[in-house]
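# Fold and contact review
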Amino acid sequence: MDKNDTTTYSVQLYIYDLSRGMARNLSPIMLGKQLDGIWHSAIVVYGDEFYFGGVGISSCSPGGTMLGSPDTVVELGNTEVTEEIFMDYLSSLGENTYRGDKYRLFEHNCNTFTNEVAQFLTGRKIPSYITDLPSEVLSTPFGQILRPILDSIHIAPPGGNIINGRHS
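As recorded in an unreviewed UniProt entry, the chain goes by palmitoyl-protein hydrolase and comes from Oncorhynchus mykiss. UniProt annotates the chain under Sequence similarities (unreviewed entry) with the comment "Belongs to the DeSI family."

For the α-helix, the turn length of 3.6 residues means that residues three or four positions removed from each other point alike. Taking 1.5 Å of rise per residue, 13 residues should cover 18 Å, and helix α2 (residues 83–95) covers 18 Å from first to last C-alpha, within 8% of that figure. Of the positions making up α2, those classed as buried are Phe-86, Tyr-89, Leu-90, Leu-93 and Gly-94. Relative to the axis of α2, the buried residues are bounded by an arc of 135° and lie together on one face. Residues of α2 that are exposed and angled more than 90 degrees away from the buried face: Glu-84 and Asp-88.

Moving on to a nonpolar patch on the surface. On the surface, Met-22, Leu-26, Ile-29 and Met-30 cluster together into a nonpolar patch covering about 410 Å² of accessible area. As for its position among the elements, Met-22 is in helix α1 (residues 22–30).

The next thing to look at is the pattern of salt bridges. Under the criterion given, the structure shown has two salt bridges. The residue Lys-33 makes a salt bridge to Glu-136 at a minimum N-O spacing of 3.3 Å. With a gap of 103 residues between them, Lys-33 in the loop between α1 and β2 (39–45) and Glu-136 in helix α5 (residues 133–138) connect regions that are remote in the sequence. Judged by its relative accessible area of 27%, Lys-33 falls in the partly exposed class. The class of Glu-136 is partly exposed, set by a relative accessible area of 33%. Ionic pairing is found between Arg-99 and Asp-101, a salt bridge with its closest N-O pair at 2.9 Å.

Using the criterion set out here, one finds eleven aromatic pairs in the structure. With 6.3 Å between their ring centres and 40° between their planes, Phe-52 and Phe-113 make a pair best called tilted. Of the two residues, Phe-52 is situated in strand β3 (residues 48–53) and Phe-113 in helix α3 (residues 110–122); the sequence distance between them amounts to 61 residues. Residue class for Phe-113 comes out buried when judged on its relative accessible area of 0%. Of the aromatic side chains, those joined through ring pairs into one cluster are Tyr-9, Tyr-46, Phe-50, Phe-86, Tyr-89 and Phe-120.

Rules used in this analysis
Residues numbered from 1 in each chain as written. Predicted model: local features only at pLDDT ≥ 70, side-chain atom pairs only at ≥ 80, totals over all residues. Heavy atoms only, no water. UniProt positions renumbered as here; feature names shortened; annotations may be inferred. Helix = DSSP H or I, 4+ residues; strand = E, 2+ residues; numbered from the N terminus. Expected span 1.5 Å × (residues − 1). Buried < 20%, exposed > 50% of the residue type's maximum accessible area, 1.4 Å probe, protein only. Arc of directions from axis to C-beta. Patch = residues over 30% accessible without salt bridge, like charges linked within 9 Å, V, L, I, M, F, W, Y side chains within 5 Å. Areas by Shrake-Rupley, 256 points an atom, 1.4 Å probe, with all protein chains shown as cover. Salt bridge = Lys/Arg side-chain N within 4 Å of Asp/Glu carboxyl O. Phe/Tyr/Trp six-rings, centres within 6.5 Å; stacked < 30°, edge-to-face > 60°.

Right, here's the structure in full:
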């Protein structure tokens, strides 16, 4: 294949503030530090949005969950990975690492997923302010008090199609 014939696909990171701005206002009072949001993220590639939640890996049209349009869109670059290879990769992740029962709000969440997928597709990580959020919250006394409650939460924005939510 001629090098000039290589097809590339745009890769975007969709970022949503699950608190809808409340974290910015309440975090200084509750945590003693400023948080700009409670972040949910997804990868948009091949015309679909892919994300991980309490039911496993899901997809929808971009902005197609109940969260609506993202608060921020970050251009991560381009990939030469074909859609077929990507879907095989997601299927593999969904059978093991990113099954719904593996979801953990602080350690293994939507942002962990998008960071891994972004690196697979582009070699780039997602912004650290997103991946560092759990440690920011847990580094506070109130975060430690809330941890048992928050650990039981499984976020799965409705509106998507499960890619692979099988449990073994």
